[in-house]
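Letter by letter, the chains look like this.
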Amino acid sequence: MKGLLNIVNKLKPTFSKGGKFGWLHSTFDAFETFLFVPSTVTTKGAHVRDCVDLKRVMSVVVLALMPALAFGIWNVGEQHSIAFGLDMTFWQKVWFGFLKVLPLIIVSYVVGLGIEFASAQIRGHEVNEGFLVSGMIIPLIMPVDVPLWILALAVAFAVIIGKEIFGGTGMNIWNPALLARAFVFFAYPSKISGDTIWIEGLSAANQSQLADGFSGATPLAQLANGAQELVTTTGDHLSFMQMFIGNIPGAIGETSTIAILIGAVILIWTGVASWKIMISCVAGAVAVGLLINGIAAPGTYADYPVWQHLVMGGFAFGAVFMATDPVTSAQTERGKWIYGFLIGAMTIVIRVFNPGYPEGMMLAILLMNTFAPLIDYFVINSNIKKRAKRIAA
Amino acid sequence: MDKNIFIKPLFTANPITVLVLGICSALAVTAKLQPACIMALSVTIVTGCSSFLVSLIRNTIPNRIRIIIQLVVVALFVILVDQILKAYVYEISKQLSVYVGLIITNCILMGRIEAFALGNKPIPSFIDGIANGMGYGIILIAIAFVRELLGFGTLFGHQIIPLSWYASNGGFYENNGLFSMAPMALILVGIVVWIQRSIQKDLQEK
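Residues numbered from 1 in each chain as written. Chains lettered and ligands numbered in written order. Predicted model: local features only at pLDDT ≥ 70, side-chain atom pairs only at ≥ 80, totals over all residues.

### Topic: the overall build of chain A
Helix and strand content of chain A: 16 helices and 0 strands. Contacts spanning at least 24 positions in sequence make up 70% of the contacts within chain A whose residues lie at least 6 apart. (Helix = DSSP H or I, 4+ residues; strand = E, 2+ residues; numbered from the N terminus. Contact = placed C-beta atoms within 7 Å.)

### Some words on the overall build of chain B
Helix and strand counts for chain B come out as 9 helices and 2 strands. Starting at the N terminus and ending at the C terminus, chain B contains elements arranged as α-α-α-α-α-α-α-α-β-β-α. For chain B, with 206 residues in total, the buried portion stands at 36%. Within chain B, contacts between residues separated by at least 24 positions form 76% of all contacts whose residues are at least 6 apart in sequence. (Buried ≥ 20, exposed ≤ 12 C-beta atoms within 10 Å, placed from the backbone.)

### Things to note about the nonpolar core
Membership of the largest hydrophobic core comes to 131 residues, with the highest contact counts inside it found for Ala180 and Phe183 of chain A. For Phe183 of chain A, the residues in contact, after removing those within four places along its chain, are Ala154, Phe157 and Ala158 of chain A together with Leu178 of chain B. (Core = buried A, V, L, I, M, F, W, Y, C linked by C-beta atoms within 7 Å.)

### A short note on the packing of helix α8 (residues 122-152) of chain B against helix α9 (residues 182-199) of chain B
Residues and elements named next belong to chain B. Where α8 contacts α9, the two axes come as close as 10 Å, and the packing angle between them is 125°. When the interaxial angle is binned, α8 and α9 end up oblique. Pair α8 / α9 crosses with right-handed handedness. Between α8, through Ile139, Ala142, Ile143, Val146 and Arg147, and α9, the contact on the second element is made entirely by Met184, Ala185, Leu188, Val189 and Val192. Looking at the contact of α8 with α9 residue by residue, the class counts come to 9 nonpolar, no polar and 1 charged. (Axes fitted to C-alpha atoms, helices over the stretch in contact; angles between N-to-C directions. Parallel < 35°, antiparallel > 145°, perpendicular 65-115°, else oblique. Left-handed = near helix turned anticlockwise from the far one by under 90°. Nonpolar A, V, L, I, M, F, W, Y, C, P; charged D, E, K, R; others polar.)

### So, helix α1 (residues 2-15) of chain A
For α1 of chain A, built from 14 residues, the straight-helix expectation of 20 Å at 1.5 Å per residue is met to within 8% by its first-to-last C-alpha distance of 20 Å. Sparse coverage of α1 of chain A is indicated by the burial of 1 of its 14 residues. (Expected span 1.5 Å × (residues − 1).)

### Regarding unusual backbone geometry
With the exception of glycine, most residues fall at negative phi, and the peptide bonds are largely trans. Residues and elements named next belong to chain B. At Val20, a residue that is not glycine, the phi angle is positive and equals roughly 50°. Its 12 C-beta neighbours within 10 Å are what place Val20 among the exposed residues. A positive phi angle, near 50°, is found at Phe156, a position not held by glycine. Structurally, Phe156 can be placed in the loop between β1 (154-155) and β2 (158-159).

### Details of helix α3 (residues 33-56) of chain B
Here α3 of chain B spans 34 Å end to end across 24 residues, near enough to the 34 Å set by a 1.5 Å rise per residue. By the criterion of burial, α3 of chain B is predominantly enclosed, with 17 of the 24 residues buried.

### Things to note about the interface of chain A and chain B
In this assembly, 8 residues from chain A lie in contact with 8 residues from chain B. In terms of residue count, the dominant contributor to the side of chain A that touches chain B is helix α7 (residues 176-187) of chain A (3 residues). Grouping the constituent residues of the side of chain A that touches chain B by class yields 8 nonpolar, no polar and no charged.

### Observations regarding the packing of helix α3 (residues 54-83) of chain A against helix α4 (residues 90-123) of chain A
Residues and elements named next belong to chain A. Running from amino to carboxyl end, α3 crosses α4 at an angle of 110°, the nearest separation of the two axes being 7 Å. If you check the angle between α3 and α4, you find them roughly perpendicular. Listed contacts from α4 to Gly72, Ile73, Trp74, Asn75, Val76, Gly77, Glu78, His80 and Ser81 of α3 are Gln92, Lys93, Val94, Phe96, Gly97, Phe98, Lys100 and Val101. The residue makeup of the contact of α3 with α4, split by class, is 7 nonpolar, 7 polar and 3 charged.

### Here's the deal with the environment of Lys336 of chain A
Residues and elements named next belong to chain A. Relative to the helices and strands, Lys336 resides in helix α15 (residues 333-353). Classification of Lys336 as buried rests on a count of 26 C-beta atoms within 10 Å. If we skip the residues at most four places from it in the chain, Lys336 touches Ser274, Lys276, Ile277, Ser280, Ser329 and Ala330.

### Points about the environment of Met368 of chain A
All names here are of chain A. Considering the arrangement of structural elements, one finds Met368 in helix α16 (residues 361-392). Remark: the alpha-carbon pair of Met368 and Glu32, spanning 336 residues in sequence, is separated by 36 Å. For Met368, the residues in contact, after removing those within four places along its chain, are Tyr339, Leu342, Ile343 and Met346.

### Comments concerning the environment of Val73 of chain B
Residues and elements named next belong to chain B. For Val73, the location among the structural elements is in helix α4 (residues 66-88). Residue Val73 is classed as buried on the basis of its C-beta count, with 23 C-beta atoms lying within 10 Å. Residues contacting Val73, with those up to four places away along its chain left out, are Ser50, Leu53 and Val54.

### Examining the confidence of the model for chain B
The predicted model of chain B averages 86 in pLDDT, with 99% of residues at 70 or higher. As a predicted assembly, this complex carries a pTM of 0.83 together with an ipTM value of 0.82. (pLDDT = per-residue confidence, 0-100.)

Listed below in structure tokens is the structure:
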């Protein structure tokens, strides 16, 4: 550590104003503060002082994503071996998944950080660190066989249109990672609509290569088509436990509810993400789910038990990592309850009643991102009114 | 005559990117180049002619009922254009559907008549109308160019992106469905505004 610090301090004058590489100041600053907590302090006004600055917070989120990522890497190999009837050892599966997932992560970071650095240089800002998390989340919510150029386009769209034009990290209205996914969802629906499963090599494969009895409908699509019993890709019964553990096909990081729960524990324990949003998100889904269950005719999609919904699709991942984004969620404490509740409620409504979109989590979060400032506005105003009444009384 | 009357609406006072008028039709008819061009032409003719006619009779219009008279004049030309389109390019007029009729409510028309034709001589008014229509048309065609190329891989219906590139033919490429939808047109208009404002510093708010 000491040696690294010496190198950084030695390089500093070259990159400062007047130095040889003075124009690269933003870039240097980004790496310096990424490695070491900056020693600069604010001089004016009252501030909460804490050694955990934005970059450290981002690192915790990336850490919390690791279980989901690790599971996802293994699962890519696992699903590939099932679909093609291959016999692979544990480490073969991990290696196979690693080789498939690594390029996605690299492309996501290179494109996203490249744009962030370039725009910071152009504007003379310091580099915004928000992309550290988005860059990790984006590959995790993509199908594993998404072409790299589509991924690069989606990342560029999310960073430029979703973030930079609003003024960078902290100013964006929508979650950039979800925006990248929404871009792929609407621009290249054949890749990602959520009707058919995503397994590496599936789109290029012909039927004869696949294992016997292989079927490609996702659990959510099966339900939307009125299935009574969910089946796996090989036609066996798909149990709740299997969806909970997550050895089912899906986007890379979202299949395993248990790995996501580990991440949730890290986030709540460190206080990085709001537990209120997570809880109310589940509450909203359960409340609407029970309501729909209550009025549903037996055997229909609406009759499907609500607790199963919680482990299917991207619900858990969205509730833990995407809905809790501190920038785009509601800021007021009461607002967070409302915001989370409506995300959960909307997800179930879209899943059950909208035949066009099998999965509703992404659209529900983006919709509530849009409404978050409005929710805050009403919460603050109702508080003002309450206090005004108290003064009047 | 002041040549600014003609030049300004094309760029520095463009009706779409600076005055932000006529946005709805700019989003609706720009999915492909051909309807966009026809629309641009129609609007240019209607703005030019109606500005000219209103300017001719501007001293006889009672002030209190001027809006209704302007509407009648505009409607006259819109109906003429609509009938001509139906007669000669029926397929495209079907694609444009209600948007030709809705030229009547296009804010550019009323805006230019109110702001210019009512206080100027017929010839400058005609030029102002034509120039505003063309300023609108430039943006329309630019956006339609990008949208048709990326959304359908074609320009004026001719395949531009080689068919062998497509994933269905063993290539890697796919058309971007987002470009064929209206939201992307809004984003593209936004990007054009962004570019213009970063060039034209006097448009930036302090």
